[in-house]
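A structural walkthrough
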Amino acid sequence: MDNEKYENNEQNSLEGLYKVAVSEMNNAVYEADYLRVATRFYGLRGYRDAEELEWRCRRRAEKIRNDDLLESAKYQMKSDTVVGYRKAIEALSQVKNRMETKELVTLCEQKIAALEANERKRRRRLKVLITTVVSVALTAIVIGVGFWINPPPVLGFKAVGDGMIVVELKKQRIKELEIPSEVKGKPVVGIAEGAFTDCDSLISVSIPESVKAIGKNAFADCSFLYTVKIEEGLEIIAEGAFDNCRMLRNITLPSTLVSIGNNAFRWCQSIKDISFGAGLETIGEYAFSNCSSLTDAILPTSLKSLGAHAFEQCCNLREVALGGIEIIEAYTFSGCVRLESVRGLENITAIGDSAFASCSKLVAANFSDKLESVGDGAFSNCAALTVAVLPASVKHIGNSAFVNCLSVGTFVIPEGITEIGEMAFAYMPITKVEIPSGVKKIGHHAFYECSKLTEVLLHEGLESISYSAFQNCRSLAQINIPNGVQSIGFSAFMNCGSLTSIDLPDSVTDLGTAVFSGCRSLETVELPAGLDIISSKLFEGCRALLKITIPQSVKTIGAEAFTRCYALGSVVLPDGLEYIGDKAFYGCSLKNA
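Just so you know, these numbers come straight off a predicted model, no measurement behind them.

Let us now look at the overall build of the protein. Of the regular secondary structure elements, the protein holds five helices and 37 strands. Whereas a compact globule of 593 residues would reach a radius of gyration of roughly 25 Å, the protein reaches 32 Å, over 25% beyond that. The proportion of buried residues among the 593 residues of the protein is 51%. Pairs at least 24 apart in sequence give 29% of the contacts found in the protein among residues at least 6 apart. Split by element, the accessible area of the protein, about 26500 Å² in all, is 50% carbon and sulfur. Counting 61 positive and 71 negative side-chain charges, the protein places the centres of these two groups 11 Å from one another.

Listed below in structure tokens is the structure:
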């Protein structure tokens, strides 16, 4: 019965993890979401269809990235310009495993050649037409006098207080727009919500210094808007103002700007450089997300708030200066795969969930003693990260915070930490780790598959080691279990093939299934005096184990507890033993029991 109970507990725990991973997979939206879920399924390999689901997640992440790049390329091609086609070729070069990309690249190259040939013809014709143009221009001056006295209406305005705001574009096919600073003797102070939405003919806009605010979605989905010139005086760019303006490349933000709203420049895939004024205080959520050409974000010291997802999936972003912010919100720089340098971390007090997830080129992250919290997945999949020094002020390290940081060789866990989150340091190449005395719990898979980890130093105060915490740490040769530890979860030290001895204090009352399974170098074990159950597969495959003394308190030895302990020749069984499970000593060399 006890054996069945422990096996059921193991299955229930794995099933719980499996369900959480499936739920996250079903709710995943972005590439980084699917990569994080794939990591969870990787940790569940061997259980149900975890390997297949991991593969699906990775394929889905790749598909999302490819779809975004293809969509960007097709939008660029719509401009029918040399710049647009070259931008499309750049995006297509990053697409993997798609047959159509080669055809699209060939088409872009043909279009570029045709456009350049046409441009050469146009210039030749221009020389011939110069004299004609001069003659026509003289005539136009005379005719145009009447036009400028009574110009046809282009913009619609509405009076608001002492000023006017632009509310609509009356001439729909206009390409170049210069908003006046004054209408009917009143200053033009704003651009209304949706005033120019979906104006796909608009190429350039000039906004005068009298304008103080650009309204919600004012220029959203202006597919061919290329240049926006904003004079000093503007204070607010509202939510979605330039959302999905995929051709927008040249924009100047004035020093008077105070606030940039949510989604303001989302999917502006052609912006390469943008300067932020010294008076900027707020950048909203998703403000610059998926700006795939943006190369740097040098934020001013005046900035106090940077919204979640603000620069997410800016895949060409290489340098960031954080300005005056104190909190990095969730997913702020997630998916910035070329991000190499982050300045201003000395002011940061908290780093949100997945803030730098999948920043695979980020090398260093140095913090000051102001930092208190590192969220779930904050630096997950930062494969190039070599330096991550957390100060003593840190009180919380979230789940999967540094999972898959494949280049970090040393890591110091701050003294203020009370719990190591699940998968917090999984797959890291660290060689030695000291768990501070304040830590009471080590979460499941916390150091999973840290294959170069050789030494773990634990201190009194620790109460529990969750399942699979050190599983597959194949180089781990030394670990002390301090007095006070009460439970060690299933598979906690499974496949720690270099571990030679383990001394369990009497405080341990619960040893899960397969805790030391596969520890092929384990020779000696001291079991706690108060233990009442030897769980199933507890020492399975410990082929170097020579002898074992079962404490007098033990009533049950689970199935396959010592299976394939080939060197085990001596076992001292307790007088009160009531049950020995199937194949408990299968494959042992018992001569004395």
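Having seen the structure, we can now continue with the description.
Residues R120, K121, R124 and R125 make up a contiguous surface patch of positive charge. Among the structural elements, R125 can be located in helix α5 (residues 100-149). Residue classification places R125 among the partly exposed positions, given a relative accessible area of 48%.

Spatially, four strands are ordered β3-β6-β8-β10 in an open sheet, and the strand pairing comes out parallel. Two strands in the sheet have a free side with no partner beyond their single neighbour: β3 (176-178) and β10 (250-252). Averaged over neighbouring strand pairs, the angle between their axes works out to 5° when direction is ignored.

In this section: the pairing of strand β2 (residues 163-169). Across the seven residues of β2, five count as buried, placing the element largely inside the fold. Strand direction decides the pairing type here: strand β1 (residues 155-160) and β2, joined by six bridges, are antiparallel. Counted as the bridge partner of V160 is G163 from β2. In this structure, the hairpin formed by β1 and β2 is closed by a connection of two residues, where G161 is found at a positive phi of approximately 60°. Taken together, the three bridges between β2 and strand β5 (residues 186-191) define a ladder with parallel strand orientation. When the sheet's bridge partners are listed, M164 is paired in β5 with V188.

Another aspect to go through is helix α2 (residues 31-43). One turn of an α-helix holds 3.6 residues; hence residues three or four places apart share an orientation. Along its 13 residues, α2 runs 19 Å from first to last C-alpha, staying within 8% of the 18 Å computed at 1.5 Å per residue. Here α2 lies mainly inside the structure; eleven of its 13 residues are buried. If you check which residues of α2 are buried, you get E31, A32, D33, Y34, L35, V37, A38, T39, R40, F41 and G43.

What follows deals with the packing of aromatic side chains. All told, the structure shown has 26 aromatic pairs when counted by the stated rule. Seen from their ring centres, F493 and F516 are 5.7 Å apart, and the 10° between their planes marks the pair as stacked. Taken together, the residues span a long stretch of sequence, with F493 in the loop between β29 (487-488) and β30 (501-503) and F516 in the loop between β31 (510-511) and β32 (524-526) at a distance of 23 residues. With relative accessibility at 0%, the residue F493 sits in the buried group. One residue, R246, lies across the ring of Y75, its end atom 4.4 Å from the ring centre. Looking at K583, its charged tip hangs above the ring of Y586, at a distance of 5.7 Å from the centre.

Another aspect to go through is the sheet that holds strand β24 (residues 432-434). Read across the open sheet, the three strands follow the order β24-β26-β28; overall the sheet is parallel. Edge positions in the open sheet fall to β24 and β28 (478-479), since each of these has one partner strand only. Examined bridge by bridge, β24 and strand β26 (residues 455-457) share three bridges and lie parallel to one another. Pairing of V433 across the sheet is with V456, part of β26.

This structure, assessed with the given rule, holds 14 salt bridges. E71 serves as the salt-bridge partner of R246, at 3.2 Å between the closest nitrogen and oxygen. Highlighted residues: R246 in the loop between β9 (236-237) and β10 and E71 in helix α3 (residues 50-78), separated in sequence by 175 residues. Here E319 ties to R343 by a salt bridge, and the two come within 2.8 Å at their closest N and O atoms. With E319 in strand β15 (residues 319-321) and R343 in strand β17 (residues 341-343), this pair connects stretches of sequence that are 24 residues apart. One network of salt bridges, in which partners are shared, links E24, R40 and E422.

What follows concerns the packing of α3 against helix α4 (residues 82-92). Two elements in contact, α3 and α4, have axes separated by 8 Å at closest approach and are oriented at 170°. The angle between α3 and α4 falls in the class roughly antiparallel. Facing L69, L70, S72, A73, Q76 and M77 of α3, the residues of α4 in contact are G84, Y85, K87, A88, A91 and L92.

The next subject is unusual backbone geometry. Negative phi is the rule for most residues except glycine; trans is the rule for most peptide bonds. The backbone of D80 sits at a positive phi, close to 55°, despite the residue not being glycine. Under the relative-accessibility criterion, D80 is labelled partly exposed at 42%.

Once that is clear, we can look at the nonpolar core. With 145 residues, the main nonpolar core has F379, F402, F447 and F562 as its most contacted residues. Sorting the residues of this core by element identifies β2, β5, β6 (204-207) and β8 (227-230) as the ones contributing at least two each. For this core, the element with the highest residue contribution is β2, accounting for three residues. Sequence-distant contacts of F402, defined by excluding residues within four places in its chain, comprise V374, F379, L385, A388, L390, I397, F411, A424, F425, A426 and M428. Grouped together as the second largest cluster of nonpolar side chains are 20 residues, L17, L35, F41 and L44 included.

Attention now moves to the environment of R474. In this fold, R474 is placed in the loop between β27 (464-465) and β28. Owing to a relative accessible area of 43%, R474 belongs among the partly exposed residues under this scheme. With residues up to four places along the chain from it excluded, the contact list for R474 reads E449, S451, N495, C496, G497 and S498.

Turning to the side chain of E449, a few remarks are in order. By secondary structure assignment, the location of E449 is in the loop between β25 (441-442) and β26. Buried charge without a salt bridge: E449, with R474 as the nearest opposite-charge side chain at an N-O distance of 4.5 Å. A polar contact is formed between the side chain of E449 and the side chain of Y42, at a distance of 3.4 Å. Beyond its immediate stretch of four places on either side in the chain, E449 contacts Y42, Y427, Q471, N472, C473 and R474.

You can see Q471 is positioned in the loop between β27 and β28. Look at Q471 and you get buried, because its relative accessible area is 12%. Apart from the residues lying within four places of it in its own chain, the contact partners of Q471 are F447, Y448, E449, S491, A492 and M494.

What counts, and at which threshold
Residues numbered from 1 in each chain as written. Predicted model: local features only at pLDDT ≥ 70, side-chain atom pairs only at ≥ 80, totals over all residues. Heavy atoms only, no water. Helix = DSSP H or I, 4+ residues; strand = E, 2+ residues; numbered from the N terminus. Rg over C-alpha atoms; globule rule 2.2 N^0.38 Å. Buried < 20%, exposed > 50% of the residue type's maximum accessible area, 1.4 Å probe, protein only. Contact = heavy atoms within 4.5 Å. Areas by Shrake-Rupley, 256 points an atom, 1.4 Å probe, with all protein chains shown as cover. Lys, Arg positive; Asp, Glu negative; His and termini not counted. Charge placed at Lys NZ, Arg CZ, Asp CG, Glu CD. Patch = residues over 30% accessible without salt bridge, like charges linked within 9 Å, V, L, I, M, F, W, Y side chains within 5 Å. Salt bridge = Lys/Arg side-chain N within 4 Å of Asp/Glu carboxyl O. Pairing = 2+ DSSP bridges. Axes fitted to C-alpha atoms, helices over the stretch in contact; angles between N-to-C directions. Expected span 1.5 Å × (residues − 1). Phe/Tyr/Trp six-rings, centres within 6.5 Å; stacked < 30°, edge-to-face > 60°. Lys NZ or Arg CZ within 6 Å of the ring centre and 35° of its normal. Parallel < 35°, antiparallel > 145°, perpendicular 65-115°, else oblique. Core = buried A, V, L, I, M, F, W, Y, C linked by side-chain atoms within 4.5 Å. Polar contact = N/O pair within 3.5 Å; in protein donor to acceptor, adjacent residues only side chain to side chain.

Note that every value here comes from positions in space, so none of it alone points to a role or purpose.
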